[in-house]
Amino acid sequence: MPVRHLRADEGFPAAIKTGFDRLCDEIGAPLEFPAEVVAEAERVASSGYDSSRTYDDLTDVPFVTIDPEGSMDLDQAMYIEKAKQGYTVLYAIADVAAWVAPGGPIDAEAHRRGQTLYAPNRRFPLHPPVLSEAAASLLADGRPRPAIVWRLDLDAHGQVTATAVSRALVVSRERLDYPTEQAKLDNGQAGPVMQLLREVGDLRQQLEVERGGVSLNLPEQVVDTSRSGGWRLTHRSSLPNENWNAQISLMTGMAAAQVMLEAGVGILRTLPPPDREVVRQLRAVAHTLKLPWPESMSYAEFVGALDVTNPVAQAMMMSCVRLFRGAGYTVIKDGLAADQLVHGALAANYAHTTAPLRRLVDRYVLEVCVALSAGQPVPEWALAALPSLPDEMAESDRRAKAFERGITDLVEALVLSDKVGQVFTGVVIQVDDKREDQGIVSIVEPAIEARVSGDLELGDEARVRLVKADPVEGKVGFEVA
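If you're wondering where the values come from, they're calculated on a predicted model, not measured in any experiment.

Participant: I keep staring at the overall build of the protein chain and nothing clicks. Help me out?
Facilitator: Scanning the protein chain for helices and strands turns up 13 helices and 19 strands. Each of the three principal axes of the protein chain carries a C-alpha extent, and together these read 70 × 55 × 50 Å. The buried share among the 481 residues of the protein chain stands at 53%. Across the protein chain, every contact between residues at least 6 apart in sequence was considered, and the portion connecting residues at least 24 apart equals 73%. On the protein chain, roughly 21,000 Å² of surface is accessible, and the fraction owed to carbon and sulfur atoms is 49%. Charged side chains in the protein chain number 48 positive and 68 negative. The centres of these two groups are separated by 2 Å.

Okay, here's the thing in structure tokens:
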């Protein structure tokens, strides 16, 4: 599915501070942690994790993390090695349950938040930073940390042949970032784990296409604050190693889904699969955009061949996004077969399990899976929370999307605030279903996607005039010039 993030590195302009405060009030964004939550987090961080649990010792495994530059909330560490018949992947996930007591103040606040919210230069985390960016984070500081480690055995084609998951103490040896490691891969200087990540990632991407899965990795808007004279918006496409790492996470989520489905207990991330009518509509859009889609080519193959840097292809992807709706969380229960619990975009059963520092539901999936794998009863506190998690996560997702969209609107209005009346060239990437004179235009420089009115044709290049840019309200509007 598409990934859109707005990123920046420093400073928060006074011009949009009022709009930011208004946005937070409107969506009920949880900003500061209550005092009792901070106090409990500091106590736990200083006293240590719950050592009453049994942990394997994997401190000799040279795990590494790879994340965006500057990240501190590190959920995952990996190790990959060649095996006789293929590969072995060890994927260590931060054991948040070792730090957060069920029913305690940190747990209650995490249920209120649901997930971490991201602004250009700030984050509003799911857990207090003393945990999420320090004690529980898989930082490469030489200290053993509790983790839930997935062992996934793969054949030579990248198919999972065996799965195991257990608690273990791990030590991350290196904290890597995507740009640096991609450059090393490109010039032949990458370490063995990163080279194997490329091999496994490529294999998993091919398997995704073969099973009919689709990843819509649209370019992200990046706030560049490195230049004098204010913020600047640009577009950035995902690096190859970001997509390979995403495949490891997806593979782990699919393994978690299978563990839970076999036991008949747990919670999955679901999305209705595309039906024939949806695909027919998408073929019509492709025809309108003059994008070749032979009858012999599947939907997954067609999307996989799109150039994400091409605005016309982006218009096609936006149509895919609009027609693939209904993502949510579904608790496994009697009467629901595996094919009714599929994630349509992935064409597989799937569970969120690799980001417990940043997303609430992952902690529960991990607890269910590690108990089932050990042949033990699932903890009662985890079972009791499952029925309410879909609604809690739905509200959290709604708030996160509104927050991200609102922040994007504010930054776009800020960047354009002194350009009202100017004419830009862009591509119409969306036309409203009920109002053909309303839609969205994508402009390359600056990197803007905003409302436009006028005589619109999907995929057309258009000259548009900026008629409104209000950094307080976060409102931007164009009209066809």
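Read on for the rest.
Participant: Got a minute to help me understand the nonpolar core in this structure?
Facilitator: One recurring pattern in soluble globular proteins: nonpolar side chains tend to sit buried together. Counting 82 residues, the largest nonpolar core has Phe 63 and Trp 150 as the members making the most contacts within it. Of all hydrophobic cores here, the second largest spans 63 residues; its members include Cys 24, Ala 315, Phe 403 and Ile 443.

Participant: Before we go on, may I ask you to explain unusual backbone geometry in this structure?
Facilitator: It is generally the case that most residues other than glycine have a negative phi and that most peptide bonds are trans. Between Glu 445 and Pro 446 the backbone carries a cis peptide bond, its omega angle lying at -5°. Here Pro 446 lies in the loop between strand 16 (438-443) and strand 17 (448-453). In this structure, Lys 290 takes a positive phi of about 60° despite not being glycine. Along the chain, Lys 290 turns up in the loop between helix 8 (276-288) and helix 9 (299-304). According to the relative accessible area criterion, Lys 290 is exposed, its value standing at 73%. With a phi close to 55°, Ala 347 is a non-glycine residue in the positive phi region.

Participant: Please clarify how the pattern of salt bridges should be interpreted in this entry.
Facilitator: Oppositely charged side chains are able to pair whenever their charged atoms sit close together. Summed over all chains, the structure comprises 30 salt bridges. The partner of Arg 280 in a salt bridge is Glu 277, and the shortest N-O contact between them spans 2.7 Å. Here Arg 280 pairs with Glu 277, and both are found in helix 8, just three residues apart, close to one helical turn. With a relative accessible area of 39%, Glu 277 lands in the partly exposed category. What emerges from the salt-bridge pattern is a single network uniting Asp 50, Arg 53, Asp 95, Arg 167 and Glu 367.

Participant: I'm lost on the packing of aromatic side chains in this one. Help?
Facilitator: The relative placement of two aromatic rings is captured by the distance of their centres and the angle of their planes. Enumeration over the complete set of coordinates arrives at nine aromatic pairs. Ring geometry for Phe 20 versus Phe 403: centroids 6.2 Å apart, planes at 65°, classification edge-to-face. Taken as a pair, Phe 20 in helix 1 (residues 17-27) and Phe 403 in helix 13 (residues 389-416) lie far apart in primary sequence, 383 residues in all. The two residues Phe 20 and Phe 403 agree in class, both being buried. Ring pairing ties together the aromatic residues Phe 20, Phe 124 and Phe 403, which thus form one cluster. Directly above the aromatic system of Phe 33 lies the positively charged group of Arg 113, at a separation of 3.6 Å from the ring centroid. The cationic tip of Arg 269 hangs over the ring face of Tyr 329; the distance from NZ or CZ to the ring centre is 4.5 Å.

Basis of the calculations
Residues numbered from 1 in each chain as written. Predicted model: local features only at pLDDT ≥ 70, side-chain atom pairs only at ≥ 80, totals over all residues. Heavy atoms only, no water. Helix = DSSP H or I, 4+ residues; strand = E, 2+ residues; numbered from the N terminus. Buried < 20%, exposed > 50% of the residue type's maximum accessible area, 1.4 Å probe, protein only. Contact = heavy atoms within 4.5 Å. Areas by Shrake-Rupley, 256 points an atom, 1.4 Å probe, with all protein chains shown as cover. Lys, Arg positive; Asp, Glu negative; His and termini not counted. Charge placed at Lys NZ, Arg CZ, Asp CG, Glu CD. Core = buried A, V, L, I, M, F, W, Y, C linked by side-chain atoms within 4.5 Å. Salt bridge = Lys/Arg side-chain N within 4 Å of Asp/Glu carboxyl O. Phe/Tyr/Trp six-rings, centres within 6.5 Å; stacked < 30°, edge-to-face > 60°. Lys NZ or Arg CZ within 6 Å of the ring centre and 35° of its normal.

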